[in-house]
Amino acid sequence: TLKHAREVKMSFVIYSPNLEISKETIEILSKIKEDIRNNRINILFQPKVDLNSGKIMGAEALMRLSVPPDKAIPVIIRYGLMFDVGRIILRKSLENLKKWLENGHDTSVAVNVSISQLLDSRFFPLVRRTIEKLKVPPEKLIIEITESEATVNSNNLFATIRALVDYGVRISIDDFGTGYSPLSRLKMIKAHELKIDLSFIKNVPESEEDRSIVKFIVDISRLLKMNSVAEGIERKEQVEFLKKIGCDEGQGYYFSPPISADEFEGLLKKKVFAV
Ligand code: C2E
Ligand code: MG
Ligand code: MG
């Protein structure tokens, strides 16, 4: 509703009859509220691997509540809880990053954010405050924005992205290939990396069409001086194809599923992946 939109400082609301409050939504909401109350907003970390050296470049932070993220996030956003949930995820992610850096690992953490966070004028100041308080280098934080959300036409959104980039935080465009990015928009965002959506990785190298799409994204990343990252890698043949076309990094069950912070640190200590 409009009142709700004003409360969470969103510049627009999307009304869809499908969003009628269902029994399922109510159940998800009550589970999420209980998770928040009981301090059960957990995060798993999935390694991002350099496809040339096999070195772990960093981790993507993935939230784990008692409801899977794809189901939880729309409800979290709808009830104006995303800012507060996101604040906890950001803080916990950066606390772990700090620990890894202090233990001598050169690594980074990528945090997913949704459009409602980026449209919120409190978001950039929150990021800066958290980074300053923990004294971690801003370049070691990557903010992942899905392509379809990164290209929403909004001054608030651009202001947040520009502030993050000027401050030194890196931007990754997630699920690339599933949205609509005019090249002018890509240039404006000054993203540091493009993450190729896992739906395109799934059938390479078998599908000629997907091979072309993936190569196209890798090429455009290189031309615009961005990193290319393939997500959802599950097989050796995919790694071989991605290496051949010069994709920079990879992520997926082939290397590691999302794991706990301690398990991730264990990997940092001893593991260089065979690529
Ligand atoms: P994403 O950012 O594109 O994350 C990749 C998803 O692929 C994750 O699902 C991950 O667990 C899964 N995945 C990783 N490797 C493989 C693989 O080899 N094969 C397959 N089939 N899947 C793989 P997950 O954790 O369920 O997250 C789903 C989405 O929820 C994320 O997609 C992201 O958009 C969103 N999300 C997750 N955590 C957060 C968060 O803290 N904040 C926000 N705003 N969104 C989040
Ligand atoms: Mg992501
Ligand atoms: Mg993705």
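Residues numbered from 1 in each chain as written. Chains lettered and ligands numbered in written order. Predicted model: local features only at pLDDT ≥ 70, side-chain atom pairs only at ≥ 80, totals over all residues. Heavy atoms only, no water.

### Focus: the pattern of salt bridges
Put simply, the rule is: One speaks of a salt bridge when a side-chain nitrogen belonging to Lys or Arg is within 4 Å of a carboxyl oxygen belonging to Asp or Glu. By the criteria applied, helices consist of DSSP H or I runs no shorter than four residues and strands consist of E runs no shorter than two, each listed in order from the N terminus.
What the rule picks out here adds up to 17 salt bridges. As a salt-bridge pair, Lys 23 and Glu 27 come within 3.5 Å of each other at their nearest N and O atoms. One end of the pair is Lys 23 and the other is Glu 27, both in helix α2 (residues 23-37) and four residues apart, which spans about a single turn. Here Arg 40 ties to Asp 35 by a salt bridge, and the two come within 3.4 Å at their closest N and O atoms. Residues joined by salt bridges that share partners form a network here, namely Glu 60, Glu 144 and Lys 195.

### Considering a nonpolar patch on the surface
Just so we agree on the cut-off: What goes into a patch is any residue over 30% in relative accessible area without a salt bridge, connected to like charges within 9 Å or, for nonpolar side chains (Val, Leu, Ile, Met, Phe, Trp, Tyr), within 5 Å. Residue burial considers only the protein chains on display, and all accessible areas are found by Shrake-Rupley using a 1.4 Å probe. To sort residues, take the accessible area from a 1.4 Å probe on protein chains only and compare it with the maximum for the residue type: under 20% means buried, over 50% means exposed, and anything in between is partly exposed.
On the surface, Leu 183, Leu 223 and Leu 224 cluster together to form a nonpolar patch covering roughly 320 Å² of accessible area. According to the relative accessible area criterion, Leu 183 is exposed, its value standing at 54%.

### Section: the coordination of the magnesium ion (ligand 3)
Ideal geometry at a metal gives 109.5 degrees between four tetrahedral donors and either 90 or 180 degrees between six octahedral ones. Formally: Sodium, potassium and calcium take a 3.2 Å donor cutoff, other metals 2.8 Å, and in both cases only N, O and S atoms count; water is not among them, so sites may look incomplete.
Coordination sphere of the magnesium ion (ligand 3), protein contribution only: Asp 174 (OD), Asp 175 (OD), Glu 231 (OE) and Glu 231 (OE), at 1.9 to 2.6 Å. Separating the magnesium ion (ligand 3) and the magnesium ion (ligand 2) is a distance of 4.4 Å, and Asp 174 donates to both of them. Asp 174 gets classed as buried once you look at its relative accessible area, which sits at 5%. Judged by its relative accessible area of 22%, Asp 175 falls in the partly exposed class.

### Here we look at the sheet that holds strand β6 (residues 193-196)
Spelled out, the test is: DSSP calls a pair of strands paired once it identifies at least 2 bridges connecting them. Contacts were defined at the residue level, with two residues in contact if any of their heavy atoms lie within 4.5 Å. To obtain an axis, a line is fitted to C-alpha atoms, over the contacting stretch when the element is a helix, and the angle between two such axes runs from 0 to 180 degrees between their N-to-C directions.
If you trace the eight strands once around the closed barrel, you get β1-β2-β3-β4-β5-β6-β7-β8, paired in mixed fashion. Across two bridges, the pairing between strand β7 (residues 227-230) and strand β8 (residues 249-250) is parallel. By the bridge assignment for β8, Ala 230 is matched with Gly 250. Contacts from helix α11 (residues 208-223) reach β5 (170-176), β6 and β7, with the element oriented near 175 degrees to β6.

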